Amino acid sequence: MDPDLYSFTNQSGVIKIDGVSDDKEFEDLNKSLDILDFTKNEKELIFMIVTGVLHLGNVKFSEVAKDGQDNVANIINADVVALASTMLETDP
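Every chain's residues receive numbers from 1 upward, in the order its sequence appears when written. For a predicted model such as this one, the threshold for reporting local features is a pLDDT of at least 70, and the threshold for listing and counting side-chain atom pairs is 80 or more; totals across whole chains, interfaces and linings nevertheless cover every residue. Where side-chain values are given, they derive from all heavy atoms of the structure, hydrogens and water being excluded.

Draft legend 1. Looking closely at the overall build of the protein chain. Secondary structure elements follow DSSP: runs of H or I of four or more residues count as helices, runs of E of two or more count as strands, with numbering from the N terminus. The secondary structure content of the protein chain amounts to 3 helices and 2 strands. Ordering the α and β elements of the protein chain from the N terminus gives α-α-β-β-α. It is over C-alpha atoms that the radius of gyration is taken, and the globule rule equals 2.2 Å times the number of residues to the power 0.38. The globule rule puts the C-alpha radius of gyration for 92 residues at 12 Å, and the 18 Å found for the protein chain is more than 25% above it. Its C-alpha atoms give the protein chain principal-axis dimensions of about 60 × 30 × 15 Å. Of all 92 residues assigned to the protein chain, the portion counted as buried reaches 16%. When checking whether two residues touch, look at their non-hydrogen atoms; a contact exists if any pair is within 4.5 Å. The contacts in the protein chain between residues at least 6 apart in sequence include a share of 38% that link residues at least 24 apart. Per-residue and other accessible areas follow the Shrake-Rupley method at a 1.4 Å probe size, with only the shown protein chains counted as cover for residues. Accessible area of the protein chain: about 7200 Å², with a carbon and sulfur share of 57%. Under the scheme applied here, a residue whose accessible area is under 20% of the maximum for its type counts as buried, over 50% as exposed, and between as partly exposed, the area being computed with a 1.4 Å probe on protein chains only.

Draft legend 2. Structural detail: the packing of aromatic side chains. In this scheme Phe, Tyr and Trp rings, the latter by its six-membered ring, pair at centre separations within 6.5 Å, and the angle between planes marks the pair as stacked below 30 degrees, edge-to-face above 60, and tilted otherwise. Counted according to the given criterion, the structure contains 1 aromatic pair. Plain terms: the ring middles of Phe26 and Phe47 are 5.3 Å apart, the flat faces sit at 45° to each other, and that makes the pair tilted. Of the two residues, Phe26 sits in helix α1 (residues 22-35) while Phe47 sits in helix α2 (residues 40-56), which places them 21 residues apart along the sequence. Since its relative accessible area comes to 44%, Phe26 is described here as partly exposed. With relative accessibility at 25%, the residue Phe47 sits in the partly exposed group.

Draft legend 3. Quick peek at α2. Between the first and last C-alpha of α2 there are 24 Å, a value that for 17 residues agrees with the 24 Å anticipated at 1.5 Å per step. Every buried residue of α2 is accounted for by Lys43, Gly52, Leu54 and His55. Those residues of α2 that are buried are in contact with α1 and α3 (78-88). To estimate the expected span of a helix, count its residues, drop one, and scale the result by 1.5 Å.

Draft legend 4. Quick look at a nonpolar patch on the surface. Exposure above 30% relative accessible area and no salt bridge define the residues that can form patches, which grow by joining like charges within 9 Å and nonpolar side chains of Val, Leu, Ile, Met, Phe, Trp and Tyr within 5 Å. Note on definitions: salt bridges are taken to be side-chain nitrogens of Lys or Arg within 4 Å of carboxyl oxygens of Asp or Glu. On the surface, Leu36, Phe38, Ile46 and Val50 cluster together into a nonpolar patch covering about 330 Å² of accessible area. Within the element layout of this structure, Leu36 appears in the loop between α1 and α2. A residue is classified by how much of its surface remains accessible, and Leu36, at 58% relative accessible area, is exposed.

Draft legend 5. Layout of the pattern of salt bridges. Enumeration according to the criterion identifies 3 salt bridges in this entry. Of the charged contacts in the structure, one is a salt bridge between Glu27 and Lys31, with a shortest N-O distance of 3.2 Å. Pair noted here: Glu27 and Lys31 are both in helix α1, with a separation of 4 residues, about one helical turn. For Glu27, a relative accessible area of 39% puts it in the partly exposed group. When the shortest N-O distance is used, the salt bridge between Asp34 and Lys43 registers 2.7 Å.

Okay, structure coming up:
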């Protein structure tokens, strides 16, 4: 996974920690979930929810003026909302 992909995870500027393997950490996470008797389906759902939330952090907005009304928010990157909604199994 590209560490710059998600706004929520790239704020510190630190994308690599010496001596830490992301692959190994993910393997350990999966083993831990197995020990706790999470099913394959439950694990997939957890990862889908986390991914959906991470994508929501990338949604960008602009302010749009409405005649005679308060300004409203407009989503700039609807494709990101579509990705998040797919992961979260919701309508955009």
